[in-house]
Each structure stands twice: as structure tokens, then as C-alpha cells.
Amino acid sequence: MDPVKNNQSDSNRIIDKSDTICIVGAGPAGLVMARSLLLKGIPFQVFEKHNDVGGIWDIHNPGSPMYESAHFISSKYLSSYFDFPMPDDYPDYPSNRQILKYHREFAKTFGLYPSIQFNTSINEIKEQDGLWFVETSSKEKYIFGGIVCASGITWSPNQPNLEGENSFTGQILHSVNYKSPDIFRGKRALIVGAGNSGCDIACDAGANANQAFISVRRGYHFIPKHIFGQPADVFGDGAHWIPNWISQLVFGKLLKLIVGDLTKLGLPAPDHKIFETHPIINDQLIHNLRHGDVIAKPDIQKLEGDSVVFKDGSKEKIDIIILATGYNWSIPYMDQKYFEWKHGRPDLYLTLFNRNFENLYALGYMETDGGAYKMFDEMANLIASYIESKRKSDPSAIRFSKYIKSDTPPLNGNIHYLNTGRHSVYVNQVAYKNYRAKIQKKMGWKELSPGQFHFLKKSNQSSLKSETLPSTGESK
Ligand SMILES: Cc1cc2nc3c(=O)[nH]c(=O)nc-3n(C[C@H](O)[C@H](O)[C@H](O)COP(=O)(O)OP(=O)(O)OC[C@H]3O[C@@H](n4cnc5c(N)ncnc54)[C@H](O)[C@@H]3O)c2cc1C
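Definitions and cut-offs
- Residues numbered from 1 in each chain as written.
- Predicted model: local features only at pLDDT ≥ 70, side-chain atom pairs only at ≥ 80, totals over all residues.
- Axes fitted to C-alpha atoms, helices over the stretch in contact; angles between N-to-C directions.
- Helix = DSSP H or I, 4+ residues; strand = E, 2+ residues; numbered from the N terminus.
- Parallel < 35°, antiparallel > 145°, perpendicular 65-115°, else oblique.
- Left-handed = near helix turned anticlockwise from the far one by under 90°.
- Contact = placed C-beta atoms within 7 Å.
- Nonpolar A, V, L, I, M, F, W, Y, C, P; charged D, E, K, R; others polar.
- Buried ≥ 20, exposed ≤ 12 C-beta atoms within 10 Å, placed from the backbone.
- Pairing = 2+ DSSP bridges.
- Domains from an automatic or database assignment.

Colleague: In this structure, what is going on with the packing of helix α7 (residues 373–391) against helix α8 (residues 395–406)? I would like to understand it.
Modeller: Two quantities define a packed helix pair, namely the angle between the axes and the distance from one axis to the other. Interhelical geometry of α7 versus α8 gives an angle of 125° and a closest axis separation of 7 Å. When the axis of α7 is compared with that of α8, the two are oblique. Judged by the twist between their axes, the crossing of α7 over α8 is left-handed. Here Tyr386, Ser389 and Lys390 of α7 come into contact with α8, specifically with Ser396, Ala397 and Phe400. Residues of the contact of α7 with α8, tallied by class, amount to three nonpolar, two polar and one charged.

Colleague: Looking at this model, I keep getting lost on the pairing of strand β9 (residues 211–215). Mind explaining?
Modeller: Consecutive residues of a regular strand have side chains that alternate between opposite faces of the sheet. Buried residues dominate β9, accounting for four of its five residues. By the bridge criterion, five bridges tie strand β8 (residues 188–192) to β9 in an arrangement that is parallel. Its bridge partner being in β9, Arg188 is matched across the sheet by Gln211. As judged from the four bridges shared by β9 and strand β14 (residues 294–297), these two strands associate in the parallel manner. Paired with Ala212 across the two strands is Val294, which belongs to β14.

Colleague: What should I look at first to understand the domain arrangement of the protein in this one?
Modeller: You'll often see interface size given as the accessible area lost when the parts meet. Once the domains are mapped, the protein shows domain 1 (7–156 + 328–473) and domain 2 (165–323). Measuring from the centre of the C-alpha atoms in domain 1 to the corresponding centre in domain 2 gives 30 Å. In this assembly, 27 residues from domain 1 lie in contact with 26 residues from domain 2. In the side of domain 1 that touches domain 2, the residues fall into 13 nonpolar, nine polar and five charged.

Colleague: Please explain the sheet that holds strand β16 (residues 307–310) as it appears in this structure.
Modeller: Within a sheet, neighbouring strands are paired by backbone hydrogen bonds and run either parallel or antiparallel to one another. Read from one edge to the other, the open sheet built from three strands follows the order β15-β16-β17, with strand pairing classed as antiparallel. Strands with a single pairing partner mark the edges of an open sheet, and in this sheet they are β15 (300–304) and β17 (315–317). Across the sheet, the mean angle from the axis of one strand to that of its neighbour is 20°, orientation sign disregarded. Where β15 lies against β16, four bridges are found, and the strand directions are antiparallel. Among the inter-strand pairings, Glu304 is bridged to a residue of β16, identified as Ser307.

Pasting the structure below:
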């Protein structure tokens, strides 16, 4: 792309939107970012590669990691956006179709659809003299005043090579391609990895395959979806004022009482304290292991013809392997030079602000120990407040720019997350919220408050009823 602003020949015409913020992606992060900018009257335009909003929650969005049985792992009570609660007839842990519907209603209610250009992928973004040159899949060229990357972190599968895989006679799939449990019928299935998706898929296999196995490299703490009848996050939220080390001690002991000794089910003992890894919120897998519908196995040694050999020397005939081995993060439409990647994660101030390039932001490039959406809302408000203060030449903008460059607060709440790439930008929700609120107060920027978004509403939420859910099986 030749970033020459005045070249007006048709193929090189550059549309000047240098007063406007470009948002890449209309998933959850892109939508809340759009709403925050709308609230402050800052012009924006969203580009979405798919034909509707909802991000990964649309199983028909090509490359989405969603599968038919997926449900939320954070509860609806702590996962809704400001001024847009999930409806009463939603269960504690809504299905993927309900979460998709929720996002479509969100976009409709706040009048975001007209600002989103669908079926348009961002191919390339470059900076020149403080402006951002954007080229789309339809070869349109734009100049924008700022960029918010909100294109998600689960679009590039991490697929390990397995010794002997060329000789393996069964099928190997990454979980991104897993959609429906029908694939397991009449087969012996092995799921590799016990993250939240891996556990869900192993349970689907347990109910549908002739026999299911799950290969687990390290021991995890499994948190049930309900504790004493309350969703686990609601239960934990009631005790958020307790120091983390006490929560770890008390919760760890409580979990041992409720869940019992998982090594009896063939799972390795955890080599870390509770909360030191991303929580596995799942009680169904334990149920399946106790019934023998899923059998726990250690790490894979090699594949051999129609079988898999495990590191404990055991061998099982396997027809299908699903690799639930996670994703590599990427921002493929921007050159590596724009983001400093550490352990496969971009180094950003408060996971949002690019330290080297002005007006370059990212939302959704973090993982945390609870529902992300309230955080997304508050983060979007912080980004919008900074943009607003710059546009008004408020002195807080200069003060905040200095923080962006040099402030590196610990956001782990004194929890020693495991030293893996995944945990390098992992944030503790309470620590993050407290720190963000402190900085925001220093700048004199307002927190979100209930009722603030009401005046933007174009319609009410009455159509958010379960009977009108989008389908999973057939195209829209
Ligand atoms: C199975 C599963 C369960 C989960 N459960 C929970 C949960 O219970 N609670 C929770 O808080 N989080 C959960 N998550 C995390 C989840 O990733 C987030 O909830 C959320 O979807 C992330 O939103 P996002 O907008 O950042 O990214 P995405 O949902 O990935 O959306 C990004 C959007 O950008 C678009 N896009 C990508 N590249 C381009 C491009 N070049 N040009 C234009 N558009 C582009 C994509 O099409 C997509 O619409 C879960 C994730 C998975 C996989």
C-alpha cells in the first residue's frame, strides 16, 4: 500500500477519515469499544470480516473455535455489559447461542449496526506521520486517526507435532475444527489437553464415542460450576475483599472437600496452588471419569499405526484425536514492529495501550480469572477517556501518555501464575480493577455508572428471548 494521501486515481483513492477511530472486529471487544466511543461522541468505524456481529460466539464465523455444546464458563450475573443485563430466562451459564443472541441484541439496542462494515477483512495497517493507513480485503484504502485492534486471540490454532503422526491411520483435528459430537459416534476418541474446551469436548466424546480418553500433561484444580448452590464466580465474588493468599488456602481446602482426590481418577496432582493457572470450571469431566466414560491418560509418547502410546507405556487403539492445545495470538494485519511480543503476547500498558505508537490500542488481548465482559466495558471506557482527553487537549492526556511509556504495574494480585506464555499477560481481576480505577481517578476520568448508556438505546431488550435463538446446525 502506498500511503499517499492526495492520490485520487480510482484504484489508489484513499478515503480520509483522520478524525475517526478504526475498530477491527465486531466481537464482544469491538462492540463495547464502539459503544464507549459512541457515548463520548468520538467518530468510529468498525470492520468485521464475517457477515454479522458476535465474534467467536457465531459458530458459522469461519475459523471460530465454537462448538455446539459450549456454554459460558463465567456466570451470566458477572458477565453482562453495563446497562444491558442478561435476561431472567437465561440460565446461570448460558449456551453459545444465547451469548451470540445477547451480542446481536446489544448491537441492535445501542444502534451499532450502521457503523459496522461487514464481510470486510482488514488486510493491512501501517503508520505514517502519526496517521494510520488501512487497506481492506475489498482493496479500499483509508486514513484513520487511531486504531483499536479487537480481532480476538483464538483464530490461530497451536497444533503440536506428534511423533509418528505420519504413520497414524486415524484422524487428527485441532479443536478449532470440532463442532458437533456426531463426529465421535462408533469411535475411540482421544482429547489432548484439559483446558476448558478440552474438558467440554472430552465430555461430548464420553457421551458419544465407544470409549473416550483425555491426555493430561499437568494436574489442574477443577472448580465446579456451582458451590453451595451459587455459581462459582458469584460465590468467589462475595469474598473478593479477602487477601488472595487466604482465598487460595481456604478455597483450596474447600475444593479438596467438595471434589475429592483427583489422582484416584488417574489425573496428575496439581503442581501449583489453586488460581495459579487459568481456572478449569467443569464438574462434568469428573462425573465422566467417575463413570469410566472418559479415561485419563498421561502425555503422549508417540503415535503408532492405529494406536497411541502414552508416556506411562500404555497403548490404546484410537480412531480420532482432537488437539485441544490452544491458540497462538496474532495481529496478522500489522507488521511485527508495531507490537512488542513477549512470550507470544503483545506488551501493552494495562493490556490496552501501545507503548511505542500513539493512537494504537488493543482490546481483548489478555486473559483473566473471571468473566471478561465487565472488564472489557471498563477498559473500553478507559481507552475512550484517553482519546477524549487528547482531543480536548486536556493536561491529563500528557500525564497518561507518560504512564503508558513507563508504568509497569504488577497485575497479578500477588498470585504467582505459572511461568508459561499463557500467563505472561494474565491478570487478576481484582488487582486489575483496583489499579485501573486508581489511575483513572488520578486522571480525573469518570468510572462507568449504572444508567449511563440508557440514552443511547434505540430499542428495548424484549426480543432477547430464548425461543428466537440463532441456530447452530444450519446457516443463518
Ligand atoms: C469455548 C469458549 C468459551 C468461553 N467462555 C467464556 C466465558 O464464559 N466468559 C468470558 O468472559 N469469556 C469466555 N471466553 C473467551 C472469549 O474469547 C471472549 O468471551 C470473547 O469472545 C472475546 O471477544 P473478542 O471480541 O476479543 O474476540 P472474538 O470473539 O474473537 O471477536 C473478534 C472479531 O474480529 C473479527 N476479525 C478477526 N480478524 C479480523 C480482520 N482482519 N478484519 C476484520 N475483522 C476481523 C472476527 O471475525 C471476530 O468477529 C470463551 C472462549 C471460548 C473459546
